[in-house]
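What follows is each chain in one-letter form.
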Amino acid sequence: MNKPDALTLVIFGASGDLTRRKLMPALYLLYKAGRLPRRFAVLGMARTSYDDDRFRTSIREGLLSFVRPDEVDEKAIQAFLSCLHYLSADPSEPEAYAELKTRLEEIDRTIDNPHNYLYYLATPPLLYGVIPRHLKAEGLNREGDGFRRIVVEKPFGYDLSSALELNRIYLDAFREEQIYRIDHFLGKETVQNILALRFANSVFEPLWNRNYIDYVEITAVENMGIGTRGGFYDGVGTLRDMVQNHLAQLLAVTAMEPPAAFDASGFRNEVVKVYQSLTPLTGEDIRHSVVRGQYMASEGRKGYREEEQVPALSRTETYLAMRLELNNWRWGGVPFYIRTGKQMPTKVSEIVIHFKSAPYSLFRCEGGTCPLPNRLVIRIQPNEGIVLRLGMKKPGEGFEVLPMDMDFSYAELGRLPTEDAYARLIEDCIAGDPTLFIRSDAVESGWRFFDPILKYWQDVPECPLYGYPAGSWGPLEADSLVARQGASWTNPCKNLTNTHLYCEL
Ligand SMILES: NC(=O)C1=CN([C@@H]2O[C@H](COP(=O)(O)OP(=O)(O)OC[C@H]3O[C@@H](n4cnc5c(N)ncnc54)[C@H](OP(=O)(O)O)[C@@H]3O)[C@@H](O)[C@H]2O)C=CC1
Ligand SMILES: O=C1O[C@H](COP(=O)(O)O)[C@@H](O)[C@H](O)[C@H]1O
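Residues numbered from 1 in each chain as written. Chains lettered and ligands numbered in written order. Predicted model: local features only at pLDDT ≥ 70, side-chain atom pairs only at ≥ 80, totals over all residues.

Caption draft 1: Quick peek at the sheet that holds strand β9 (residues 319–324). Strand order across the open sheet formed by nine strands is β14-β13-β12-β11-β7-β10-β9-β8-β15, with mixed pairing between neighbours. Two strands close off the open sheet at either side, each with one partner strand: β14 (401–409) and β15 (466–469). Across the sheet, the axes of successive neighbouring strands diverge by a mean angle of 20°, strand direction being ignored. Helix α7 (residues 189–199) contacts β12 (375–381) and β13 (385–393) of the sheet and is inclined by roughly 145° relative to β12. (Pairing = 2+ DSSP bridges. Helix = DSSP H or I, 4+ residues; strand = E, 2+ residues; numbered from the N terminus. Axes fitted to C-alpha atoms, helices over the stretch in contact; angles between N-to-C directions. Contact = placed C-beta atoms within 7 Å.)

Here you go:
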């Protein structure tokens with residue numbers, strides 16, 4: 001790990017939700033574990049008129065709410081807070097950057113920092129294009145004795161053309177190696193574990209293709225609505241919020257070829273190839289293969305249109321299920337079904353690999369049970385683990401083959417994956433390792449695939465948006481989508497013999 005001795009992390013949008021709930025808890029944990037540079041400072045910047053003390057107080061409150069109680073250590077919190085500074089300024093105003101430069105120089109003197117700066121954009125996306133331009137105008141992008149890196153949150157672009165424009169702006173101010181487009185799903189231990197499962201074991205890879213796999217499901221659903229984020233969410237919708245980034249990453253790690261090396265170019269080259277292999281969707285495909293939905297009030301849960309800051313007639317999707325295919329030798333003809341939604345019965349993210357049935361059924365159905373095809377469930381959250389369904393002989397007379405689950409719980413490795421997606425990714429930025437960040441060509445090839453869906457919804461407003469009761473598994477049309485090919489969605493809460501890994505309803 002190539003950790004510098006000194007660093008100043010500049011957070012734009014430092015008064016916001018992401019900073020308070022995710023970034024500061026992650027930084028605190030890194031600090032407490034001695035994993036940050038020895039000489040370290042944070043300079044938070046936002047319009048809210050805090051001073052350093054008021055900022056520290058607000059972050060302290062956030063830490064007490066969002067850090068696990070067993071990680072709360074008052075002495076470590078106080079020491080961490082003393083590294084925090086605040087600049088009250090509007091990041092959309094060019095003048096703010098001269099002030100920023102002055103404050104950075106002051107902090108550099110205090111911590112003896114040779115101008116190593118990491119800029120983190122935790123602002124609404126409308127500022128993603130503005131901030132790098134202003135940094136460049138003030139010369140804050142230029143590397144001299146120290147490094148400059150910039151981290152930008154999702155969504156990177158609103159559609160293909162805005163993503164292209166953003167890439168142009170970033171690459172005008174920074175080199176690709178300085179740009180860290182973050183997707184916190186890639187920071188999750190269990191997502192990285194998919195790579196270990198596939199590429200550290202020789203038993204799966206020979207089966208990981210169209211000859212043995214019938215279809216693949218990728219699910220990332222949540223049991224909450226959009227809460228107080230209506231103002232942001234209504235202009236975005238599920239395709240931009242979850243599909244184009246998080247689900248696309250899950251697809252990439254599931255479907256990619258083995259990288260030539262596990263480094264930034266090896267890994268990211270393979271991600272791009274997956275997106276380039278996606279079979280483009282025509283209008284007809286979109287009508288038949290993409291189901292969008294919006295939650296409606298049910299059993300005491302609010303409907304989407306009743307949420308704060310959501311227009312009464314909003315047609316923003318809160319659910320999406322779709323079928324996609326990869327046009328390559330490994331996956332030709334294998335459907336990938338992906339789904340994500342708000343206000344589902346539970347919060348779960350998992351990938352289910354459905355293997356084909358044995359070529360010849362030697363054992364007959366007995367006692368009402370038939371041998372079932374093998375299935376590998378990769379549970380990303382919660383209860384992280386892996387479950388492989390095998391057919392086993394029922395002890396005793398006759399020859400009844402029962403489906404049994406062989407399960408591995410991640411907790412058995414000794415340490416539960418914690419919040420650490422952000423901690424992991426921030427640490428990687430500090431060390432200058434962009435492997436788990438999205439490269440510009442991946443953004444573009446991903447958007448090339450998803451953009452026609454947005455265009456189609458815009459051009460064909462009568463394209464259905466199905467209502468689904470809050471607390472249900474989404475529109476019935478999503479079941480029909482998979483049933484057409486004899487498949488069905490796995491209910492993560494059912495159908496597993498070893499249920500302790502699974503959700504309680
Ligand atoms: N929150 C989350 O859990 C996640 C968020 N993200 C992404 O992170 C980014 C930040 O999210 P979040 O913290 O929730 O957003 P917030 O809406 O809380 O905004 C962050 C801060 O940006 C500042 N800001 C807002 N509007 C403007 C404006 N017009 N001009 C200048 N500054 C403005 C505000 O500070 P002030 O008013 O003080 O200037 C605000 O505190 C978003 O792009 C989101 O997509 C990604 C994953 C998860
Ligand atoms: O980026 C986002 O992700 C969260 C879900 O992330 P998770 O780590 O809690 O599974 C989602 O709620 C949010 O809408 C989206 O912006």
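Caption draft 2: Representation of the nonpolar core. Grouped together as the largest cluster of nonpolar side chains are 131 residues, with contacts concentrated most on I11, Y119, Y120, V151, L251 and I338. Contacts of Y119, omitting those with residues within four sequence positions, involve V10, F12, L135, I150 and V151. (Core = buried A, V, L, I, M, F, W, Y, C linked by C-beta atoms within 7 Å. Buried ≥ 20, exposed ≤ 12 C-beta atoms within 10 Å, placed from the backbone.)

Caption draft 3: Quick look at the UniProt feature "domain: Glucose-6-phosphate dehydrogenase NAD-binding" (unreviewed entry) in the protein chain. Under the UniProt annotation, "domain: Glucose-6-phosphate dehydrogenase NAD-binding" (unreviewed entry) lies at residues 10–193. End C-alpha to end C-alpha, residues 10–193 measures 31 Å, and it is 45% helix and 16% strand. (UniProt positions renumbered as here; feature names shortened; annotations may be inferred.)

Caption draft 4: Here's a closer look at the UniProt feature "binding site: substrate" (unreviewed entry) in the protein chain. Per the UniProt record, the feature "binding site: substrate" (unreviewed entry) sits at H184, K188, E222, D241, K342 and K347. Within the secondary structure, K188 is located in the loop between β6 (179–181) and α7. Its location among the elements puts K342 in the loop between β10 (336–341) and β11 (348–355). Residue K342 is classed as buried on the basis of its 25 C-beta neighbours within 10 Å. Those residues in contact with K342 that sit more than four places away from it in its chain are E222, M224, G225, I226, Y295 and T318.

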